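# Structural features, examined
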Amino acid sequence: MSTTDLGVEGGGEQAALTDFKFDRKDSRLVMAHLLFSFGAVFLGATAGLLQVMQRSGWITLPPWLNYYQLLTAHGVLLALVFTTFFIIGYLFSGVARTLDGKLSPAARVLGWIGFYMMAVGTVMAVIVILTNDASVLYTFYAPMQASPWFYIGAALLIVGSWFSAFGIFAAYINWRRTRKKHSSPLFAYMAVATMILWLHASLAVAVEVVFQLIPWSLGLVARVDVGLSRALFWYFGHALVYFWLLPAYIYWYVNIPQIVGGKIFSNSLPRLTFILFILFSVPVGFHHQLNEPGIESFWKFLQVVLTMMVVIPSLLTAFSLLATFELAGRSRGGKGLFGWIKKMPWKDARFFSAAMAMLIFIPAGAGGIINASYQMNQVVHNTWWVTGHFHLTLASTVLLTFFAISYWLIPVLTRREFTKHLNKLAIVQAILWAIGMFLMGGIMHIVGLQGAPRRSSYATYGDHELALTWISYNQVIAAGGVLLFIAILLVLYIWVNLLYFAPRTEKTIEYPVGVVNEQAEHPPKILERWSVWIGVSIALVLIAYTIPIYQMFMHNPPGSLTYRSW
Amino acid sequence: MIHMPKYEKIWMAVGTGSLILFLIVLGIMAGTMGLNPPDGMETTVEPENVEASAPFDQPGLKQIGPNEYEAVILSYIFGYKPNQITVPEGSTVHFKITSKDVVHGFFVPGTTTNLMAVPGHVAEYTQTFDEAGEYLFVCHEYCGSGHHLMYGNIIVEEKM
Ligand code: HEM
Ligand SMILES: [Cu+2]
Ligand SMILES: [Cu+2]
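Parameters at a glance
- Residues numbered from 1 in each chain as written.
- Chains lettered and ligands numbered in written order.
- Predicted model: local features only at pLDDT ≥ 70, side-chain atom pairs only at ≥ 80, totals over all residues.
- Heavy atoms only, no water.
- UniProt positions renumbered as here; feature names shortened; annotations may be inferred.
- Donors = N, O, S within 2.8 Å, 3.2 Å for Na, K, Ca; no water.
- Buried < 20%, exposed > 50% of the residue type's maximum accessible area, 1.4 Å probe, protein only.
- Helix = DSSP H or I, 4+ residues; strand = E, 2+ residues; numbered from the N terminus.
- Contact = heavy atoms within 4.5 Å.
- Buried area = accessible area lost by both parts, 1.4 Å probe.
- Salt bridge = Lys/Arg side-chain N within 4 Å of Asp/Glu carboxyl O.
- Axes fitted to C-alpha atoms, helices over the stretch in contact; angles between N-to-C directions.
- Left-handed = near helix turned anticlockwise from the far one by under 90°.
- Nonpolar A, V, L, I, M, F, W, Y, C, P; charged D, E, K, R; others polar.

Chain B carries the name Cytochrome aa3 subunit 2 in an unreviewed UniProt entry, which gives Thalassobacillus cyri as its organism. Its UniProt record gives chain B a comment under Function (unreviewed entry), which states: "Subunits I and II form the functional core of the enzyme complex. Electrons originating in cytochrome c are transferred via heme a and Cu(A) to the binuclear center formed by heme a3 and Cu(B)." Quoted verbatim from the Subcellular location (unreviewed entry) heading of the UniProt record, the comment on chain B is "Cell envelope".

By the naming in an unreviewed UniProt entry, chain A goes by Cytochrome c oxidase subunit 1 and is assigned to Thalassobacillus cyri.

## What to know about the coordination of the copper ion (ligand 3)
Residue and element names in this part refer to chain B. Within the protein, the copper ion (ligand 3) binds to Cys 139 (SG), Glu 141 (O), Cys 143 (SG) and His 147 (ND1); these donor distances fall in the range 2.1 to 2.7 Å. Since its relative accessible area comes to 0%, Cys 143 is described here as buried. Given a relative accessible area of 0%, His 147 falls into the buried group.

## As for the UniProt feature "transmembrane region" (unreviewed entry) in chain B
As annotated by UniProt and renumbered to match this structure, "transmembrane region" (unreviewed entry) occupies residues 12-35 of chain B. End C-alpha atoms of residues 12-35 of chain B are separated by 30 Å, and the span's content is 83% helix alongside 0% strand.

## Observations regarding the coordination of the iron atom of ligand 1
The protein atoms donating to the iron atom of ligand 1 are His74(A) (NE2) and His391(A) (NE2), with metal-donor distances spanning 2.0 to 2.1 Å. Residue His74(A) is classed as buried on the basis of its relative accessible area, which comes to 13%.

## Quick notes on the environment of Val156(B)
Residues and elements named next belong to chain B. With respect to the element layout, Val 156 can be found in strand β10 (residues 151-157). When the C-alpha positions of Val 156 and Phe 106 are compared, they lie 17 Å apart, and in sequence the two are 50 residues distant. Not counting residues up to four positions away in its chain, the partners in contact with Val 156 are Val 87, Pro 88, Glu 89, Phe 129, Glu 131, Ala 132, Gly 133 and Tyr 135.

## Considerations on the interface of chain B and chain A
With 66 residues of chain B at the interface, the matching set in chain A holds 75 residues. Of the roughly 5,700 Å² buried between chain B and chain A, counting both surfaces, carbon and sulfur atoms make up 69%. When the area that chain B buries against chain A is broken down by residue, the three leading residues are Met41(B), Tyr142(B) and His148(B), summing to 14%. The interface formed by chain B and chain A holds 2 salt bridges in total. Among the salt bridges present, the one from Arg230(A) reaches Glu141(B), with a minimum N-O distance of 2.9 Å.

## A few points about the packing of helix α1 (residues 24-55) of chain A against helix α13 (residues 384-414) of chain A
All names here are of chain A. Taken N-terminus to C-terminus, the directions of α1 and α13 make an angle of 145°; their axes are 12 Å apart at the nearest point. Two packed elements cross with a definite hand, and for α1 against α13 that hand is left-handed. Across the interface between the two elements, Ser 27, Val 30, Met 31, Leu 34, Phe 38 and Arg 55 from α1 touch Trp 384, Ser 406, Leu 409, Ile 410, Leu 413 and Thr 414 from α13. Split into classes, the residues belonging to the contact of α1 with α13 amount to 8 nonpolar, 3 polar and 1 charged.

## Here's the deal with the pattern of salt bridges
Under the definition given, this model contains 18 salt bridges over all chains. Linking Lys263(A) and Glu518(A) is a salt bridge whose minimum nitrogen-to-oxygen distance equals 2.4 Å. In this pair, Lys263(A) sits in strand β1 (residues 263-264) while Glu518(A) sits in the loop between β2 (515-516) and α16 (530-554), placing the two residues 255 residues apart along the sequence. Judged by its relative accessible area of 55%, Glu518(A) is exposed. Between Glu70(B) and Lys62(B) there is a salt bridge; the shortest N-O distance is 3.8 Å. Here Glu70(B) falls in the buried class, since its relative accessible area comes to 17%. A relative accessible area of 48% places Lys62(B) in the partly exposed class. Taken together, the salt bridges that share partners define one network made up of Asp23(A), Asp26(A) and Arg108(A).

Quick look at the structure:
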C-alpha cells in the first residue's frame, strides 16, 4: 500500500492486479452476509413468480396460501432483507480492503452482533408471514395489525443494522486516528456516508416500530396515530431507496474504473455526490404521500423541490462515469467520437452486468422524476407504474450491479475461479434479465398508466371493460416474470459454483479498486467533516418537517383501533 | 474549491437550469392555477364511529349548484358507501372521502382523482367529468384480503 498526497487509495495506487486475500475472520463475516442475502433472493423470487402467475390468471393458489402473503414475503425478503445483508457484506469487504487490508477487532465484533440480530429478526418475521399472521406488506401500514413478532423482527433487523454501521464507523475511525492529514480512501468514505444516511433515516422507522407499533400490537395501548406512523415510515422510506442505490454507485465509482482499465476521474466530486445524497434523501418523504389528507399542499410542494435536488448528484455521476470510460477506452486505442465504447470490456460480466444496470437506470431515473412531479403523481400513484419503476431501479439497476459484484467478491473469498464458462452464463443472465424486465417492468408501466392498481390479486372488477384490458397486458407481464425467474435460477447456479464447485486457483484474484487520476486534486477537508453535513442535514429536516408534524399533532383525530383484515 | 472540467460545467449548468425551470413551472401550476394534489385538513371523530355524525352519517351525492355536486363517500373493509354515483356529463364533483377502519384508496382511472382514504381524516378533491361513460373507481391502497374486490362505478350520463 502506498501513500501519496492524495491519501491512501487502499492499495489502488499500485494499480494493476493486486492480489488480495482477506483475513479469514473478515472473510467469514462477509460470507455470512452474502449467503444470507442469496437465500433471501431465492425465496423472494419464488414468491414473485407465483404472484405474477396468479395475478394474470395462470394459476390459482391453494387455500393455505394467499396472494398478499406472498407479496409480503416478496417485499420483505427482497426490498429489506436481501438488500441490507448484501450491502453490509459488500461494505465490510471494501472497508477491509481499503483500510489496512483488514477489519479492526471491534469492527468485526460489531459486524457479528449486527448479523445475528438481523438474522434472528428476519427469521421471526418470515415465520409469522408464513403462518399468515403478518400479511401487511413490507410497508406495514397501521391500523392493519400484524403479530407483534413481525414488528419485533423488524426492530431487530433495523437495530442490528446499526451495529453493522458502527462496525464500519469503528474501522474508519481506527484508520483515521493515525492519518489525520489524509483524506480517507474513496471506498471507505462512501461506505461511511452510506451508513450515515441509513442511520439517520432508519431512526424514524425505529421510532415508529418501537414506540408506536410494538406497544399497540402487544395491546398496551388501544389506538395508533395513523397519520404520524405514515409520516415516520416515509421519512425513512425514500432514504431507503438511496441506501440501495449508493452501494451500486460505490461499485461504479470505485471498483469499475479498475475493471475497465481506467482511473477514477475525480477525487472530490464523488465525495460531493455522496454528501448531496445525505442532505437530500430524508427531507423528501412527503413525495410518497402527495395524495393524502392531513398534510398541507405547501409542505408537499417544498419536499418535491428538495426531492428534485437529487438530479444534481445524478448529473455529476453520469458525467464522471462516462468520463472514466471514455478516458479508459481512448487509452486503449479507441479512436473517433465513439471508438472508445468498443474498447470497453463487454465480454467481462463484472463490467457487462453493471453496464446493463447503468443503461436501465436512464429510463428508470426519468420515471422517478415523473413520480415525484407533484401533479403528475396523481396519474401514477399506487398504480402498477410504480411497481414497474422499482423493478427497473431496485430490481434491475441495483440488483444487476450487486450480481456483478458477486462475480468477483465470491472468488476473492473462496479462492475459486470465475471461469470463462461461468462468465458467459453471467452475461446470458444479464441479457435475460434485461429482456424479462423489459416485458415485466416495461408493461407494468404501461398498464399502470391505464389505471391498473398495484398490490392487487387477480380481479376483473365486475368485468369492467377497462379491467379486462389490464388482464390482457398481464399475460405479457407474466411471461416476463417467468424469464426473470429463469434468470434467478441461472445466477443461483453461478453462485453455487463459485461457492463450492468452481476450480480452486492459485492465480491472482483481483479485488478491483480504482486508482485516482493523477491530475485530480486533493479533496477539500470540509468534505470529510461529517458533523458539518449531519448538521446541515438536520437543519433541512427541521425546515421540511417541523410545521407539518406540528400540524399533525394539532389536527389530530382520535387514533385507530386494530384491524386484522386478511 | 473543487475543480470541474469545462464540459462538466456546461453539463451541470444546462442540467440544473432545466431543473429549475421545470420546478418553476410546477410551482406556477400549483400556486396560481390551483393544481394541487388532493389534501384536506379536516378531521373526524373516532373512525369507527364516523357514521354517527355529519357528513358521513349520510354518504351519497348531493347537488350543490348548477352542474356541481358533492360526493361524500365512506370506505370500509371491503367496499364503498355509496358504490355507485350518477352525474350528468360536464359535472364538477367535489369528493369528500374517509375510511371507517384501515387506510383505503380511491382512484378513478382515466382521471386525476387519486386519493388516500386515511381514517380520521377527510380527503378532498374536485374533478370535472367532461366525457360520458361508465367510470370505474378502485381501492388502490392495500387494505386486506378483499382489497381487489373493492370498487365502484361513476356513471356519467350523456346530456340529451
Ligand atoms: C423473479 C423475479 C421477480 C418477479 C417475477 C417479480 C414480480 C413482482 C410482482 C408481480 C409484484 C407486484 C405485485 C402487485 O403489485 O400486485 C412485485 C412487487 C415487488 N417486487 Fe418483485 N419480482 C421479481 C423480482 C424482484 C426483485 C429482485 C426485487 C428487489 C430486489 C423485487 C422487489 C419488489 C418489491 C419491493 C415489490 C413491491 C411489494 C409491495 O408492493 O408491497 N422484485 N414483484
Ligand atoms: Cu421516494
Ligand atoms: Cu384496498
